Each structure stands twice: as structure tokens, then as C-alpha cells.
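Report on the structure
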Amino acid sequence: MAKYFDVHPENPQSRAIRQVIDIVRDDGVIAYPTDSCFALGCRIGNKDGLDRIREIRHLDDRHHFTLMCRDFAQMGQFVQINNASFRAVKASTPGPYTFILPATREVPRRLLHPRKRTVGVRIPEHVVTQALLDELGEPLVSSTLLLPGEDEPMTMGWEIKETLDHVLDAVIDGESGTEPTTVIDLSDGEAEVLRVGAGDPSRFE
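Note that the structure is predicted; figures quoted are calculated from it, not measured.

1. Description of the overall build of the chain
- Within the chain one finds six helices and 10 strands.
- Whereas a compact globule of 205 residues would reach a radius of gyration of roughly 17 Å, the chain reaches 16 Å, a difference of no more than 12%.
- Relative to its full complement of 205 residues, the chain shows a buried share of 53%.
- Counted over contacts in the chain with a minimum sequence separation of 6, partners at least 24 positions apart contribute 66%.
- Carbon and sulfur atoms form 44% of the exposed surface of the chain, whose accessible area is close to 10000 Å².
- The average position of the 23 basic charges and that of the 33 acidic charges among the side chains of the chain differ by 8 Å.

So, in C-alpha cells, the structure goes:
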């Protein structure tokens, strides 16, 4: 049964944030709000957690997970960014964009695209997400909470709790966006818009 945390959207309670991150560090899988929509998340080294997220969403091994990063400095530990991409990413973060970039050795192989050796990264503009990342001290491996057969991501914490109570360890309720991120592939040095979402894609077209 998932623990339920009703967190203040502007002043997240420190005690609740610590309790959630304790669950993450104990290899739990959580659902949490972001500036795009709710996401499923676990810590980087949690192989079982990745398998659980894949099972919840019916994903195959080709799925690109996203590293939810606290800031640009943390992102730079996990991806390689050339000068042109650096400026584009810097100007668009924090915000509702996911960037596909070549991964560094800090990223476990199971998180990489099998052929391209890339990984998705993003820096959210969301108070609760940032509080979680501050407390954790490393990225959250994340995937949009979009269930099989559904066209829209889940956006209500209580509904997530009811639906996924038996497969999650924690649900953090709170305000979230309702549209997935815009996904930009920068892995070849040129920007390619893979998905148009909440972020304005025009700056990359």
C-alpha cells in the first residue's frame, strides 16, 4: 500500500519531503507532481524500480527514461553538451523540456538508449520536485505517469493513489501541469523536436 503525502505546493513540509526521500533511498517507487504532469520515479541505482515502472506503464527496453535533475551543474555530470547545445539548454531551463543528449559514464547502461548511448535529462520548474531533488542529492529516474491504453497522463494524486496503491510505495499529491514535456533530441549536435508538449518548440525549429 502506497503512503500518501499531501504536500503544500509553495512551502513543501520538510518532514514530508524527508519521508518521501527515505522511501526512494530504500528502493521505493513514487508518483510525484512536476511542472509538466505527474511522474513515476526511483533512484538511479534501483534496477528493480526501473522494472516496476516499465511494468506499470507496459514499456519495453527501448523506452527512454528521464533523469530529473536539480540544476544545470547536476545535469552536466550525466550528459555531454557541446557549446551550441549548452546555450539552447541553458536558455530553456528550468522548464517543461526534456533533452536527449550523449550520456557520461555516470549513467548506468540500463538507462541508455541501446544504440545511441543517450539519455533524457530535464530540470523542472516546480517547487515540490525541486525540494525532492534537493533532499535526494542526485537525479530521480523518471517517466511520465501515462497508463497503458490512456491518451492523457494522470493528474490527480488521490486518483493515482486509488489506481496504483498496490504497485507504488508513495504518492505525493500537489499541483502539477497537465501536458507532457516537449522533447528535443540534441544528441547529433542539431536540434530535432521529437515531441511537442508544454514547452514552446519554436526556439529549436
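2. Here we look at the sheet that holds strand β10 (residues 192-195)
- With mixed pairing, 10 strands are arranged side by side in an open sheet as β1-β8-β2-β3-β7-β4-β6-β5-β9-β10. This sheet does not close on itself; its edge strands, each paired only once, are β1 (3-6) and β10. Recorded for the sheet is a direction-independent mean angle of 30 degrees between the axes of neighbouring strands.
- Relative to strand β8 (residues 170-173), strand β2 (residues 30-32) runs parallel, the two sharing two bridges. Pairing of A31 across the sheet is with V171, part of β8.
- Packing against the sheet, helix α6 (residues 157-164) makes contact with β1, β2 and β8, and its axis sits at approximately 165 degrees to β8.

3. With respect to the nonpolar core
- Residues L67, F99, V121, L145, I160 and L168 are the most contacted members of the largest nonpolar core, which totals 39 residues.
- If you list the elements that add at least two residues to this core, you get β3 (39-43), α2 (47-57), α3 (72-75), β5 (97-102), β6 (118-122) and α6.
- The residues contacting F99, other than those within four sequence positions of it, are V89, S92, T93, V119, G120, V121, I184, L186 and F204.
- Counting residues in hydrophobic clusters, the runner-up holds 20 residues, among them I21, A39, A131 and L140.

4. Description of unusual backbone geometry
- Each neighbour pair has its own omega, and for T93 with P94 the value is -5 degrees, a cis peptide bond.
- Positionally, P94 belongs in the loop between α4 (83-92) and β5.
- A positive phi angle, close to 55 degrees, is found at H58, a residue other than glycine.
- Mapped onto the fold, H58 is located in the loop between α2 and β4 (66-68).
- What makes H58 exposed here is its relative accessible area of 64%.
- The phi dihedral of R117 falls on the positive side, at around 60 degrees, and the residue is not glycine.

Calculation notes
- Residues numbered from 1 in each chain as written.
- Predicted model: local features only at pLDDT ≥ 70, side-chain atom pairs only at ≥ 80, totals over all residues.
- Heavy atoms only, no water.
- Helix = DSSP H or I, 4+ residues; strand = E, 2+ residues; numbered from the N terminus.
- Rg over C-alpha atoms; globule rule 2.2 N^0.38 Å.
- Buried < 20%, exposed > 50% of the residue type's maximum accessible area, 1.4 Å probe, protein only.
- Contact = heavy atoms within 4.5 Å.
- Areas by Shrake-Rupley, 256 points an atom, 1.4 Å probe, with all protein chains shown as cover.
- Lys, Arg positive; Asp, Glu negative; His and termini not counted.
- Charge placed at Lys NZ, Arg CZ, Asp CG, Glu CD.
- Pairing = 2+ DSSP bridges.
- Axes fitted to C-alpha atoms, helices over the stretch in contact; angles between N-to-C directions.
- Core = buried A, V, L, I, M, F, W, Y, C linked by side-chain atoms within 4.5 Å.

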